[in-house]
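Secondary and tertiary structure notes
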Amino acid sequence: MDPQQQSIIQLAAGASPANPALWPMQLPQCGHERLVGNNMRPSLYLAVFKGSMAEVEKLLPQQHAAALDCEATEMVDVLLGWRPALADQVDSSGSSPLHFASSDGDLSIVRAILRAGPPGTVYKKDSSGLSALHVAARMGHHRVIKEILGSCPEAADLRDGDGGTFIHAAAREKRSSVVSLATKDPMLRGLLDAQDSDGNTPLHLAVAAGSTGIVEDLLHEGKVRANVLNNDGDTAFDLAAGSTTSFFNMVSLVVALVAYGAQLRPQRQDQLKQWGGRDKVRKGIQNTSDSLAVVAGLIVAAAFAAGFNLPGGYGDNGKANLRGDLVFKSFLVLNTGAVTTSVVAVILLVYGKAASHSAGSWKSFAAALQLLWMSLVFMMLAFQAALLSVATTKSLTYGFQVVYTCILVLQVWIVKWLGVTLTRLHTIWRFHSQGRKHFDVKRQYPFVKATVLNLQLFIATSFLISIGFQAIFGLNRRSMDTSIAPSPSPLCF
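Residues numbered from 1 in each chain as written. Predicted model: local features only at pLDDT ≥ 70, side-chain atom pairs only at ≥ 80, totals over all residues. Heavy atoms only, no water.

With an unreviewed UniProt entry as reference, the protein chain is termed PGG domain-containing protein, source organism Sorghum bicolor. Turning to the protein chain, the UniProt record has this under Subcellular location (unreviewed entry): "Membrane". (UniProt positions renumbered as here; feature names shortened; annotations may be inferred.)

Okay, here's the thing in structure tokens:
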């Protein structure tokens with residue numbers, strides 16, 4: 001077969017062009033020996049090229065045509081049953097039909113090739129040194145990998161052109177399902193610490209790719225060695241500084257690595273380079289502080305206005321008419337909390353912007369964000385208390401339930417977006433216990449601990465909404481019960 005052309009089984013496995021206009025342009029350029037090998041008709045090649053089951057059924061020998069049905073995947077099985085050598089043919093890039101099927105993730109075709117092809121089909125590599133197992137790992141087709149390893153367990157030891165296993169390929173491409181398959185299989189545990197030609201383990205590549213989920217899976221489930229040095233003398237932790245990832249993802253990486261005992265390479269503290277993204281963080285603080293200060297100022301203004309225009313109004317003596325009501329008292333407390341937290345947030349934002357080049361700028365900014373979130377919570381609850389103190393209807397109750405349900409959904413989405421799961425909470429707990437020993441981490445990543453603490457405070461503050469919501473309704477019911485209670489009858493003598 002001409003190496004410049006694709007074999008008929010590669011076309012059936014999914015390698016044919018999708019544009020039918022290319023068929024008449026490509027086929028006439030080759031003789032039938034060059035197209036599909038000796039003694040094979042160009043018409044059969046064209047039928048497979050077009051994916052026409054009806055034409056293939058007519059052109060194959062009678063005993064093989066009888067095995068065909070309406071499913072397109074059966075075409076590969078029948079063609080391999082007719083000529084098994086087709087599974088071993090490669091194109092100009094060295095790709096075999098198994099490479100194409102593994103890339104597409106089609107289990108039925110992979111099974112057909114493994115069942116009918118020669119034993120060495122799994123071990124074939126393309127011109128880049130990739131086996132079909134590596135191709136499936138790069139695409140995240142964990143079921144294909146499981147099928148290949150079930151048919152040929154020794155293929156797990158195959159290395160690509162860079163000396164990496166299929167787990168290296170999956171870690172580099174952030175294919176968590178493939179890595180999870182390896183961490184849960186005792187037979188593959190030995191490959192989790194394997195090093196490629198550059199000395200990198202899958203953990204090195206996962207950190208460099210910024211895949212926190214894979215890093216945590218390798219450390220927690222795979223129990224990999226966290227401090228292996230590559231050829232450049234770097235541990236996996238050292239590569240986190242150069243990872244092209246977002247700020248919160250970088251924080252998640254550092255938290256996971258510290259939690260499971262990963263360390264930076266041995267070096268002098270005075271030569272320790274801080275994380276390069278800190279300048280971007282400081283620039284972001286400067287750009288955001290003004291907008292947040294305006295929001296905090298608006299909350300202060302709204303809270304002040306609510307304080308001077310109390311629900312229920314004033315009596316002739318200048319005092320609030322509802323001053324004895326429990327819900328009204330809760331309104332006063334919540335409104336005062338909104339004013340206080342907003343004013344402090346403004347002060348911290350102004351200080352953080354003025355001292356943006358100091359080490360405490362991020363801490364003050366994070367504290368201001370936390371206080372601003374608390375002021376919003378206080379203001380929402382104060383608004384609820386103000387309405388319930390003067391009006392109690394079912395529509396009002398249901399309206400608040402809808403509003404707070406939407407807020408709860410938003411909170412869950414934010415927490416999920418930040419990557420906080422039950423497993424991550426366990427990792428955060430370990431981070432706090434292990435982080436005290438890592439003075440070099442504090443110097444290189446000064447924002448991490450403050451970010452984790454503020455994230456936990458954000459989650460705790462979010463619970464205040466549901467607790468305060470129920471508490472205010474409880475106070476309202478209690479106040480209503482007190483107001484309608486019958487007065488004691490006078491005693492008669």
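**Brief notes about the pattern of salt bridges**
Taken as a whole, this structure holds two salt bridges when the rule is applied. Across the pair Glu-147 and Arg-111 runs a salt bridge whose closest N-O atoms are separated by 3.3 Å. Taken as a pair, Glu-147 in helix H11 (residues 142–151) and Arg-111 in helix H9 (residues 107–116) lie far apart in primary sequence, 36 residues in all. Residue Glu-147 is classed as partly exposed on the basis of its relative accessible area, which comes to 24%. Among the residues examined, Arg-111 registers a relative accessible area of 38% and is labelled partly exposed. Put simply, Arg-265 and Asp-234 hold a salt bridge, and the shortest N to O gap is 2.8 Å. With Arg-265 in the loop between helix H16 (247–259) and helix H17 (278–308) and Asp-234 in the loop between helix H15 (212–220) and H16, this residue pair connects regions lying 31 residues apart in the sequence. Judged by its relative accessible area of 34%, Arg-265 falls in the partly exposed class. (Salt bridge = Lys/Arg side-chain N within 4 Å of Asp/Glu carboxyl O. Helix = DSSP H or I, 4+ residues; strand = E, 2+ residues; numbered from the N terminus. Buried < 20%, exposed > 50% of the residue type's maximum accessible area, 1.4 Å probe, protein only.)

**Some words on the nonpolar core**
Counting 77 residues, the largest nonpolar core has Ile-145, Phe-166, Leu-203, Val-215, Phe-237, Trp-362 and Val-448 as its most contacted members. Split by domain, this core shows at least three residues from each of two domains, domain 1 (58–158) and domain 2 (277–475). Those residues within four positions of Ile-145 in sequence are excluded, and the remaining contacts are Leu-133, Ala-136, Ala-137, Phe-166, Val-178 and Leu-181. Listed in part, the 21 residues of the second largest apolar core include Leu-310, Val-327, Phe-331 and Phe-469. (Core = buried A, V, L, I, M, F, W, Y, C linked by side-chain atoms within 4.5 Å. Domains from an automatic or database assignment. Contact = heavy atoms within 4.5 Å.)

**Overview of the side chain of His-134**
Residue position: His-134 is located in helix H10 (residues 132–139). A distance of 2.9 Å separates a polar atom in the side chain of His-134 from the backbone oxygen of Gly-164. Once residues within four sequence positions are removed from consideration, His-134 is found in contact with Leu-158, Arg-159, Asp-160, Gly-164, Thr-165, Phe-166 and Ala-169. (Polar contact = N/O pair within 3.5 Å; in protein donor to acceptor, adjacent residues only side chain to side chain.)

**Brief notes about the packing of aromatic side chains**
All told, the structure shown has one aromatic pair when counted by the stated rule. Taking the centre distance of 6.1 Å and the plane angle of 35 degrees together, the rings of Phe-328 and Phe-331 count as tilted. Here Phe-331 and Phe-328 lie together in helix H18 (residues 326–354), a separation of three residues that amounts to about one turn. In this structure, Phe-328 and Phe-331 share a single accessibility class: buried. (Phe/Tyr/Trp six-rings, centres within 6.5 Å; stacked < 30°, edge-to-face > 60°.)

**Side note on unusual backbone geometry**
Of note, the phi angle at Lys-174 is positive, near 60 degrees, even though the residue is not glycine. By the secondary structure assignment, Lys-174 is in the loop between helix H12 (166–172) and helix H13 (176–184). Residue classification places Lys-174 among the partly exposed positions, given a relative accessible area of 47%. One non-glycine residue with positive phi stands out, namely Lys-223, at about 50 degrees. By the element assignment, Lys-223 lies in the loop between H15 and H16.

**Quick notes on the packing of H9 against H11**
For the pair H9 and H11, the least separation of the axes is 10 Å and the interaxial angle reads 15 degrees. When the interaxial angle is binned, H9 and H11 end up roughly parallel. H9 and H11 meet at a crossing whose hand is right-handed. Contacts between H9 and H11 involve Leu-107, Val-110, Arg-111 and Leu-114 from the former and Arg-143, Val-144, Glu-147, Ile-148 and Ser-151 from the latter. (Axes fitted to C-alpha atoms, helices over the stretch in contact; angles between N-to-C directions. Parallel < 35°, antiparallel > 145°, perpendicular 65-115°, else oblique. Left-handed = near helix turned anticlockwise from the far one by under 90°.)

**Brief notes about the packing of H15 against H16**
Between H15 and H16, the least distance of the axes is 9 Å, while the angle of their chain directions is 5 degrees. Classed by the angle they form, the pair H15 and H16 counts as roughly parallel. Seen from H15, the contacting residues are Thr-212, Val-215 and Leu-219; seen from H16, they are Asn-249, Ser-252, Leu-253, Ala-256 and Leu-257. Here the contact of H15 with H16 is built from residues that sort into five nonpolar, three polar and no charged. (Nonpolar A, V, L, I, M, F, W, Y, C, P; charged D, E, K, R; others polar.)

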